[in-house]
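Summary of structural features
As a plain string of letters, each chain reads:
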Amino acid sequence: MIPPKPATRPDRVSLWRYVKLFRQDILSAQPARLYRAWMAEFRSPFFRSYLLNQPDLVKTVLKERPMDFPKSDRIGAGLRPLLGNSVFLTNGAEWQRQRRIIDPAFEGGRLRETYPAMWQAALAARDRLAGQLGTGGAEVEVEEQASHAAADVIFRTLFSIPIEDALAQEVFHEFRAYQRSQPILNLAAFIPGPRWMPRFFRRDTRAAATRIRSLITQLTEARQKAIAAGTAPDDLATKIMTTRDPETGQTFSAAEMVDQVAIFFLAGHETSASALGWALFLLASHPEWQDRVAAEGRAVNADFASVSKLRVTRDVFRETLRLYPPVPMMVRETTRPERFRDRAIPRAAQMVLSPWHLHRHTRLWDNPDGFDPARWQTENGRICGREAYIPFSAGPRVCTGAGFAMVEGVLLLALLLRDFRVTTITNRTPIPEAHLTVRARDGIWLRVEER
Ligand code: HEM
């Protein structure tokens, strides 16, 4: 079965229709030619944008000259009320300083220290799901389960609290409200409005952002006191709050830490939840792979090293991130005139990098739309893995949580499939849509039973 793919639009549509399509979903607003083009130009009366699919151009923007292509302000607009000046939105020297403080917390060795909290969250996710099934199983919306699990992982690893904690519950529910009110992250980058066009936020968006930030402030203030008293647990929050910038010797201020915690919650749980939901669906529709993951899952345990042995599960998770990259598109901006593919690109043009299209590019990948975890052991898979696979972006601005997410995803998948069998439900094929992340229009419904 070919995994579901959104319908594309005809090549030429009016600007008005494009905007309307866009309001529905960023993926089906795009023409089919983007799956075979190396570069595509979109002109509007106010600005130009270019989608780049050619691997060496993607490399130029992300890896070779990243400082010449900062993040576009238009992207941040929708998230600024929530994220303030977080590392996700800043550029230049400010962004570099933030990464110097954050990155050490996510290094390989530190990941091992984070693992016990992840393991506890995985066991809790397993028990939560088991609690939903009667004898003979049940039909379950697995995106919701995945969101719950991923949020639990973040709360436990960052603040050593499970999602059942009252404050954690509140943050989790407020985030959901925020996402509902502010659904499409990248909209502002494509919508053909002039830069001076004011960006209005719905009042409930602002209110939800304020509530989330005040909850996070409670968490960070309590942690600051615990650090001062010498009673703080050695989790990610403590690591980040006590790390000094090697260049200035300064730690994050309490206010800065609120911005960073907000992005960890958002970037860390929405994305992982999206990936886990799609992985479960892909395995439900490919039972032969599901059986292999289930068999491998018997070896996973509380020991960090056990996860690195799950080769099949890792290939399945990588393949999921290829077909359904949780962050489907990223946008950068030119800071000077450029020349790409012999085309002159003006300053302040939007450069769109699309994991969604690059990962399914018909001139790069064998069987681009098929689910085939075995591809990662082939020549084509290896080359494309290096040159045309960017689920976590690439270069200095690569996702800070990439290593973390690969452990979390593989662990959850292995443990859940060790204990449960998932099967698809007729007439309930999920339809992918890009909102904040790639989600299914009506959720992902699967039949789940104990193995
Ligand atoms: C499967 C899971 C994940 C995926 C696919 C993913 C993907 C991405 C991508 C594509 C970006 C770059 C966005 C851009 O440049 O516009 C990014 C940035 C980021 N991610 Fe992740 N992410 C995942 C999980 C996580 C986790 C678990 C954390 C933290 C615990 C995290 C924290 C961040 C942060 C802080 C940034 C901003 C980095 C910067 O701009 O310097 N992510 N992520």
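For the structure, check the block above.
Calculation notes
Positions within a chain are numbered from 1, following the residues in the order the chain's sequence is written. Given that the model is predicted, a residue must reach a pLDDT of at least 70 before its local features are reported, and side-chain atom pairs must reach 80 or more before they are shown or counted; all residues, however, enter totals for whole chains, interfaces and linings. Working from all heavy atoms in the structure, the side-chain values ignore hydrogens and water. A single heavy atom is enough: if one lies within 4 Å of a molecule or strand, its residue is considered near that molecule or strand. Polar contact is the term for a pair of N or O atoms within 3.5 Å; when the atoms are in protein, one must be able to donate a hydrogen and the other to accept it, and sequence-neighboring residues count only if both atoms are side-chain atoms. Segments assigned H or I by DSSP are reported as helices when at least four residues long, segments assigned E as strands when at least two residues long, and all are numbered from the N terminus. Three residue categories are used. Nonpolar comprises Ala, Val, Leu, Ile, Met, Phe, Trp, Tyr, Cys and Pro, charged comprises Asp, Glu, Lys and Arg, and polar comprises the others, including Gly. Remark: exposure states derive from per-residue accessible area (1.4 Å probe, protein chains only) relative to the maximum for the residue type, with buried under 20%, exposed over 50%, and partly exposed in between. At least two DSSP bridges between two strands are needed for those strands to be called paired. Every angle, taken between N-to-C directions, lies between 0 and 180 degrees, and every axis is a line fitted to C-alpha atoms, over only the stretch in contact when it is a helix. Each metal's donors are the N, O and S atoms found within 2.8 Å of it, except that Na, K and Ca use a 3.2 Å limit; water is left out, so coordination can look incomplete. What is meant by a nonpolar core is a set of buried Ala, Val, Leu, Ile, Met, Phe, Trp, Tyr and Cys residues, joined one to another through side-chain atoms within 4.5 Å. Contact definition: two residues touch when any of their heavy atoms are within 4.5 Å.

Okay, the site of the ligand next. The environment of the ligand is made up of 25 residues, and the closest members are Trp95, Arg99, Arg332, Arg397 and Cys399. One of the side-chain nitrogen or oxygen atoms of Arg99 is found 2.7 Å away from an oxygen atom of the ligand. Contact distances for the ligand include 2.7 Å between an oxygen atom and a side-chain N or O atom of Arg332. The dominant element in the shell around the ligand, judged by the number of residues it contributes, is helix H12 (residues 254–285), at five residues. The residue inventory of the shell around the ligand, partitioned by class, reads 15 nonpolar, six polar and four charged.

The next subject is the pairing of strand S4 (residues 330–333). Consecutive residues of a regular strand have side chains that alternate between opposite faces of the sheet. Residues Met330 and Arg332 line one face of S4 and the alternating positions Val331 and Glu333 line the opposite face, and both faces are buried. Sheet topology places S4 next to strand S7 (residues 350–353); four bridges connect them, and they run antiparallel. Note on S7: the bridge partner recorded for Met330 is Leu353.

Read across the open sheet, the four strands follow the order S1-S2-S7-S4; overall the sheet is mixed. Every other strand in the sheet has two partners, leaving strand S1 (39–43) and S4 as the edge strands with one partner each. Between one strand axis and the next, the sheet turns through 25° on average, direction left out of account. Where S1 lies against strand S2 (residues 48–52), five bridges are found, and the strand directions are antiparallel.

Coordination of the iron atom of the ligand by the protein comes from a single atom, Cys399 (SG), at 2.2 Å. Within the secondary structure, Cys399 is located in the loop between helix H17 (379–387) and helix H18 (402–419).

Among soluble globular proteins, nonpolar side chains are generally buried collectively. Ranked by internal contacts, the top residues of the largest apolar core, which has 134 residues, are Leu52, Phe155, Phe265, Val300, Phe340 and Leu413. For this core, the element with the most residues is H12, which contributes 18 residues. Ignoring any residue separated from it by four or fewer positions in sequence, one finds Val300 in contact with Tyr115, Trp119, Ser306, Val307, Leu310, Leu411, Ala414, Leu415 and Arg418.

Turning to the sheet that holds strand S11 (residues 445–450), a few remarks are in order. The three strands are arranged S3-S11-S8 in an open sheet whose pairing can be described as antiparallel. The sheet terminates laterally at strand S3 (138–141) and strand S8 (420–424), the two strands that pair on one side only. Put simply, the sheet's adjacent strands are angled 40° from each other on average, direction ignored. Examined bridge by bridge, S3 and S11 share four bridges and lie antiparallel to one another. Its bridge partner lying in S11, Glu139 is registered against Arg447.

Positive phi is not limited to glycine here, since Ser160 has a value of about 55°. Tracing the sequence through the fold places Ser160 in the loop between helix H7 (142–159) and helix H8 (166–181). Since its relative accessible area comes to 38%, Ser160 is described here as partly exposed. Positive phi, normally seen in glycine, also occurs at Asn367, with a value near 45°. Along the chain, Asn367 turns up in the loop between helix H16 (355–358) and H17.

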